[in-house]
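What follows is each chain in one-letter form.
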Amino acid sequence: MKGISVIIACFNSEKVISTTLKHLQNQKHTEHIAWEVILVDNNSTDQTSAVAKTTWAEKPIVPLNVLLEETIGEAHARKRGIQAAKYTVLSIVDDDNWVDEDWIFKINTYFENPEIGLIGCAGKGEFESTPPEWFFENQHAFAIGKLYEGDFVDITDSAIVPGAGLCVRRKIYDNLFKLDWKPFLEGRVGNKQSAGADSEMCYITRLLGYKIFYSNQLTFKHFTASHRITWDRLTRMFEGF
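Predicted, not measured: the structure shown is a model, and the values here were computed from it. (Residues numbered from 1 in each chain as written. Predicted model: local features only at pLDDT ≥ 70, side-chain atom pairs only at ≥ 80, totals over all residues. Heavy atoms only, no water.)

**As for the packing of aromatic side chains**
And then number 1: Under the counting rule described, the total for this entry stands at 12 aromatic pairs.
And then number 2: Here a set of aromatic residues connected by ring pairs shows up, and it is made of F127, F135, F136 and F142. (Phe/Tyr/Trp six-rings, centres within 6.5 Å; stacked < 30°, edge-to-face > 60°.)

Here it is, written out as structure tokens:
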């Protein structure tokens, strides 16, 4: 069915999920677009699901489907969300991504081109406290900053885009699931840092014959808590890359 399914994988996200959902509730120019939000609680030990339901009930702009995935790991949570999705385009939004008000509208416009399989975008930094000096020359590792020049560019030949804010055509995952595909890279597993799942999806998209684009006009604020900006985390991410 034509439309957009926003998928949010969460693990102990009660402190950030409310603001993320409120940005989705503020979408403009979506009157003629079918879309939904699927939140997958990856066996959290806090009140993630309850906070999400309470927040959404204040302004239920579209349906919110809250699911539980007991197997810990971002890849498992996303798969649960993708399998539950109704629509042809999947928008992967992290629990700390504050999307702009034209997020749904622009995604819908971009995917009118049937050759496009995946789109990456630029995250803008939003910080709990001032980051250390070394952060800004390494901000791409935290899915913040511009990777390519141009408003909307074809990067199929060299594509590497962040997983945060990634949008992908549902058919790609349908093909993979029919093959009983299991990712080499699982992304985050609970509090364990990993990396590279986004690059794997770019590679798969090319192998399946789709184009990959990057947009500097499709943007979100990436809220980054202070405890996530550490040199130790950066080195573990680079090991993953």
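Still more ground to cover, so stick around.
**With respect to the environment of G163**
And then number 1: Positionally, G163 belongs in the loop between strand 7 (152–154) and strand 8 (167–169).
And then number 2: With relative accessibility at 12%, the residue G163 sits in the buried group.
And then number 3: Setting aside residues no more than four positions away along its own chain, G163 makes contact with R78, I92 and D198. (Helix = DSSP H or I, 4+ residues; strand = E, 2+ residues; numbered from the N terminus. Buried < 20%, exposed > 50% of the residue type's maximum accessible area, 1.4 Å probe, protein only. Contact = heavy atoms within 4.5 Å.)

**So, unusual backbone geometry**
And then number 1: Its identity as a non-glycine residue notwithstanding, N12 has a phi of 50°, on the positive side.
And then number 2: Mapped onto the elements of the fold, N12 is located in the loop between strand 1 (4–10) and helix 1 (17–25).
And then number 3: Positive phi is not limited to glycine here, since N43 has a value of about 60°.
And then number 4: In this structure, N43 sits in the loop between strand 2 (35–41) and helix 2 (48–57).
And then number 5: Classification of N43 as partly exposed rests on a relative accessible area of 33%.

**Let's talk about the environment of V168**
And then number 1: With respect to the helices and strands, V168 occurs in strand 8.
And then number 2: A residue is classified by how much of its surface remains accessible, and V168, at 0% relative accessible area, is buried.
And then number 3: Measuring from C-alpha to C-alpha, the distance between V168 and A225 comes to 27 Å, with 57 residues separating the pair along the chain.
And then number 4: Setting aside its immediate chain neighbours within four residues, V168 contacts T88, V89, L90, F111, G117, L118 and Y173.

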